[in-house]
Protein chains: 2
Amino acid sequence: MDFQTELKGRIAETQELLMRYLPEEKGYQKTVLEAMNYSVLAGGKRLRPILMTETYRLFGGTGRIIEPFAAAIELIHTYSLVHDDLPAMDNDEYRRGKKTTHAVYGEAVGILAGDALLNYAYETAAKAFIMEPGNADVGRAFGVLANKAGIYGMVGGQTADVESEGAGTLSADKLTFIYRMKTGALIEAAMLTGAILAGAGEAEQALIEQAAGEIGMAFQIQDDILDMTSTLEVLGKPIGSDQKNEKTTYVSLFGMEQAKEKAGQLFGDAMERLNALPVQNPFLSELLRSLIHREK
Amino acid sequence: MDFQTELKGRIAETQELLMRYLPEEKGYQKTVLEAMNYSVLAGGKRLRPILMTETYRLFGGTGRIIEPFAAAIELIHTYSLVHDDLPAMDNDEYRRGKKTTHAVYGEAVGILAGDALLNYAYETAAKAFIMEPGNADVGRAFGVLANKAGIYGMVGGQTADVESEGAGTLSADKLTFIYRMKTGALIEAAMLTGAILAGAGEAEQALIEQAAGEIGMAFQIQDDILDMTSTLEVLGKPIGSDQKNEKTTYVSLFGMEQAKEKAGQLFGDAMERLNALPVQNPFLSELLRSLIHREK
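Residues numbered from 1 in each chain as written. Chains lettered and ligands numbered in written order. Predicted model: local features only at pLDDT ≥ 70, side-chain atom pairs only at ≥ 80, totals over all residues. Heavy atoms only, no water.

**Observations concerning the pattern of salt bridges**
Residues and elements named next belong to chain A.
Consideration 1: A full pass over the atoms with the stated rule returns 38 salt bridges over all chains.
Consideration 2: Lys148 is paired through a salt bridge with Glu209; the nearest N and O atoms lie 2.5 Å apart. With Lys148 in helix α8 (residues 136–149) and Glu209 in helix α11 (residues 202–229), this pair connects stretches of sequence that are 61 residues apart.
Consideration 3: The class for Lys148 is buried, based on a relative accessible area of 10%.
Consideration 4: When its relative accessible area of 27% is taken as the criterion, Glu209 is described as partly exposed. (Salt bridge = Lys/Arg side-chain N within 4 Å of Asp/Glu carboxyl O. Helix = DSSP H or I, 4+ residues; strand = E, 2+ residues; numbered from the N terminus. Buried < 20%, exposed > 50% of the residue type's maximum accessible area, 1.4 Å probe, protein only.)

**Some details on the environment of Phe254 of chain A**
Consideration 1: On the secondary structure map, Phe254 of chain A appears in helix α14 (residues 250–275).
Consideration 2: Spatially, the C-alpha atom of Phe254 of chain A lies 21 Å from that of Leu291 of chain A, the residues being 37 residues apart in sequence.

**Some details on the packing of aromatic side chains**
Consideration 1: Under the counting rule described, the total for this entry stands at 19 aromatic pairs over all chains.
Consideration 2: The interplanar angle of 70° and the centroid separation of 5.9 Å between the aromatic rings of Tyr38 of chain A and Tyr105 of chain A together place this pair among those described as edge-to-face. A residue pair is termed long-range when its members are at least 10 positions apart, and Tyr38 of chain A in helix α2 (residues 30–41) and Tyr105 of chain A in helix α5 (residues 101–105) qualify at 67 residues.
Consideration 3: Judged by relative accessible area, Tyr38 of chain A falls into the partly exposed class, the value being 22%.
Consideration 4: Here a set of aromatic residues connected by ring pairs shows up, and it is made of Phe69, Tyr122, Phe129 and Phe142 of chain A together with Phe69, Tyr122, Phe129 and Phe142 of chain B.
Consideration 5: The residue whose ring lies beneath Arg10 of chain A is Phe283 of chain A, and the NZ or CZ to ring-centre distance is 4.3 Å. (Phe/Tyr/Trp six-rings, centres within 6.5 Å; stacked < 30°, edge-to-face > 60°. Lys NZ or Arg CZ within 6 Å of the ring centre and 35° of its normal.)

**Let's talk about the packing of α11 of chain A against helix α15 (residues 282–292) of chain A**
Residue and element names in this part refer to chain A.
Consideration 1: In contact at an axis separation of 8 Å, α11 and α15 are set at 30° when each is read in the N-to-C sense. For the pair α11 and α15, contact is made by Ile215, Ala218, Phe219 and Gln222 and by Leu288, Leu291 and Ile292, respectively.
Consideration 2: Residues belonging to the contact of α11 with α15 are distributed by class as follows: six nonpolar, one polar and no charged. (Axes fitted to C-alpha atoms, helices over the stretch in contact; angles between N-to-C directions. Contact = heavy atoms within 4.5 Å. Nonpolar A, V, L, I, M, F, W, Y, C, P; charged D, E, K, R; others polar.)

**As for helix α3 (residues 47–58) of chain A**
Residues and elements named next belong to chain A.
Consideration 1: The first and last C-alpha atoms of α3 sit 16 Å apart over twelve residues, in line with the 16 Å expected at 1.5 Å per residue.
Consideration 2: Within α3, eleven of the twelve residues are buried, which leaves it mostly tucked inside the rest of the structure.
Consideration 3: Contacts made by the buried residues of α3 are with α1 (3–21), α4 (66–84), α10 (172–197), α11 and α15.
Consideration 4: One or two steps after α3, the chain reaches Gly60, where phi turns positive at roughly 85°. (Expected span 1.5 Å × (residues − 1).)

**Details of the relation of the copies chain A and chain B**
Consideration 1: Superposition record for chain A on chain B: RMSD 0.0 Å, screw rotation 180°, translation along axis 0.0 Å. Considering both components of the superposition, the chain copies are consistent with a two-fold axis. Judged by C-alpha distance, Gly134 of chain A is the residue of chain A that lies nearest the rotation axis, at 2.0 Å.
Consideration 2: A shared interface surface links the copies, since 100% of the contact residues of chain A are contact residues in chain B too. (Least-squares fit on C-alpha atoms with pLDDT ≥ 70 in both.)

What follows is the structure in structure tokens.
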């Protein structure tokens, strides 16, 4: 089977998994349930749950304990988009060609739906405690997920990012912090929880976390590159938007040449780490490659 | 020691506990950390962590495993207030005589600080997994906390409440749902997790959950009564606000007489349950009494 066909299968698998975990739309709180489901089902590459599941498989994981965690990380990713789109944040009416959650349900329900998704993520992951009570790895994975999603991870990066708007050119240190936190942290959470739940050793966990961080950073730099080099047709959104918004990017700070070199180097480092493992998951390697060598 | 002195001691204890768990204000994400701490330290009766800890003590709990959970529930309560105060929600500039979080830090940071507090609540509770890896009760308590805070608890109630504004008179059934979810669920979470972490049996857990639900409902009805019968001086906020805002309350639906009777009956039922237990915590009983027989 070629990679694209396999990827489609994984996305369909993840979609089916999400459907099983999404709430039923009934009761006096029905509106927020509809808004949650609308937000989750509005599309997306399901990258984080797939990365989690494939890292779990890399380390020989075969059980279903990964499922509530895979659903949870997509719920966390979705909540962050719902709140990012709010009028007081990026004020976006459309995402992936569809109306954003607050544009459909109003701002109050937009806020509540984001809150509900974040809370439901942990409620969902907590189902793993029912599946395997007393499994210490589940507790550890839980801690990692919560940590990487919060102030020392994604929310920390979002805050620094929000504060940087209109604040002039960022330092390389601050830009790296934002990329590492805002994008990198959830990719680290995905791959590290997958490794933990599969019972990977501590050294392997450290290696995976590092590789995931490099992939996350390379992914974000690739984003900056595409914003300069792609076309509206390929990217599906206007190019040159970073420049227009006077946003500091890896390209604006270091130039195109160095940005490409850095992305390639980070990707190479990550793959070298993964290749040094005694276990392999060719689909995961191919997926990581596709994230960096993408055109959109 | 009299009850008021004892209560002051418990509040000081909880305050000290919270201080230990709050994040240090440093790094590129400093603003959101400041906003979180500002929100938590803006005051409050610390009712939920105290209820949790006292229920834990009622069932003979003496360890520190309760601490991350006690901090977590106050973080959840605080996030709900921060988001409730946002312009798109209740649009409040002041709470307990202090500027609300978004009024100080702006709307974007207000949203992010609420998100950060909710996430940090679970990050904090997850510290219990490090304290006692493989303790299945910790996983169970975690599930209860997440469930009662979410769409089948507090957020569910908030949504139904937001949607009811300007929607005419509510049915008794819907009003009960909102009270049970918006106010009751976190009180249930507090007392039930306390019982679970102390190792209470299943029948005792069910009894505590029921009593907590009755207390929560009585507490909310008492709120309605005070809005009609108190004075600005005693209550610290304008009375008659429910009537002015054409809000359906227990009093507007059933009349003052029946409201008082109902609150008394619910409180009596809850106390009867607690008195039937072979264990007693006189401070907890006194605290519950003070919630219903309060004047503000």
